[in-house]
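What follows is each chain in one-letter form.
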Amino acid sequence: MNKHAVHQLILDKLRVDLDIAERAAQTAYETATHEENIAENKYDTLGLEASYLAAGQAKRVEEIRQSLAVCQNLTLRAYDDQRGIEIGALLGLEDEKGREQWLFLAPDAAGLKVDVVGQPVTVITPRSPLGKSLLGKFEGDEVEILVAGTRQQFAVTEVL
C-alpha cells in the first residue's frame, strides 16, 4: 500500500465527482430556467421543484469543491512513531472478528472509497468517532468506539 498513490486516487475520485456534480447542477439549472417550466397557475410547480433541485446540486458542487481543495493542500508525512496517527495517515484496522479494513485519515471527503489493487480504502475524518479515537494512537494500539449503543473494538495493524 502506498500512501501517496492512495492520496492521488482520492484526488482523482473527487475530480470525477466534481465533474459529475457540475454537469448535474447545470442540467438542473437549465430545467429550472427553461421557458416551458414557467408556472401557468398556482398548481404548476415543476419550475419551483426544479429550482430546489438546482439549489441542492449547487450546494453539492460547492461541498465537493471544498473537499478537493482541502485534500489537495494536505501535506503527507511519513508515519512518526513518536507522534502517532495524524491526518494523512493510511492505516490498517482489524475488528474483533479478524476482519481487516484500510482507512485514510483525511481532513475532508468522509465516506469516499477508492480501490487499490482490489483492496478498498475508505476515507474518514477526525470528526467521526473512529477518526477522533485514532488520532495519536500507534501501530498495535486498540481503539474502542460506541456506535448506536454497541461497542466496537479495533486493533491498529499497520500505519503508513
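My aim in this report is to walk through the structure given alongside it, one point at a time. Just so it is clear, the structure is predicted and the values come from calculations on it, not from any experiment.

Let us look at the environment of Glu49. Assignment of secondary structure puts Glu49 in helix α2 (residues 46-72). For the pair formed by Glu49 and Thr31, sequence separation is 18 residues and the distance between their alpha carbons is 9.8 Å.

Per the stated rule, a full pass over the model turns up 11 salt bridges. For Asp12, the salt bridge goes to Arg15, with nearest N and O atoms at 3.2 Å. Of this pair, Asp12 and Arg15 both sit in helix α1 (residues 3-33), 3 residues apart, which is roughly one turn of the helix. Here Asp12 falls in the partly exposed class, since its relative accessible area comes to 34%. Note on Arg15: relative accessible area 35%, which makes it partly exposed. Across the pair Arg65 and Glu22 runs a salt bridge whose closest N-O atoms are separated by 2.6 Å. Remark: Glu22 occurs in helix α1 and Arg65 occurs in helix α2; sequence separation between them is 43 residues. Look at Arg65 and you get partly exposed, because its relative accessible area is 36%.

What counts as what
Residues numbered from 1 in each chain as written. Predicted model: local features only at pLDDT ≥ 70, side-chain atom pairs only at ≥ 80, totals over all residues. Heavy atoms only, no water. Helix = DSSP H or I, 4+ residues; strand = E, 2+ residues; numbered from the N terminus. Salt bridge = Lys/Arg side-chain N within 4 Å of Asp/Glu carboxyl O. Buried < 20%, exposed > 50% of the residue type's maximum accessible area, 1.4 Å probe, protein only.

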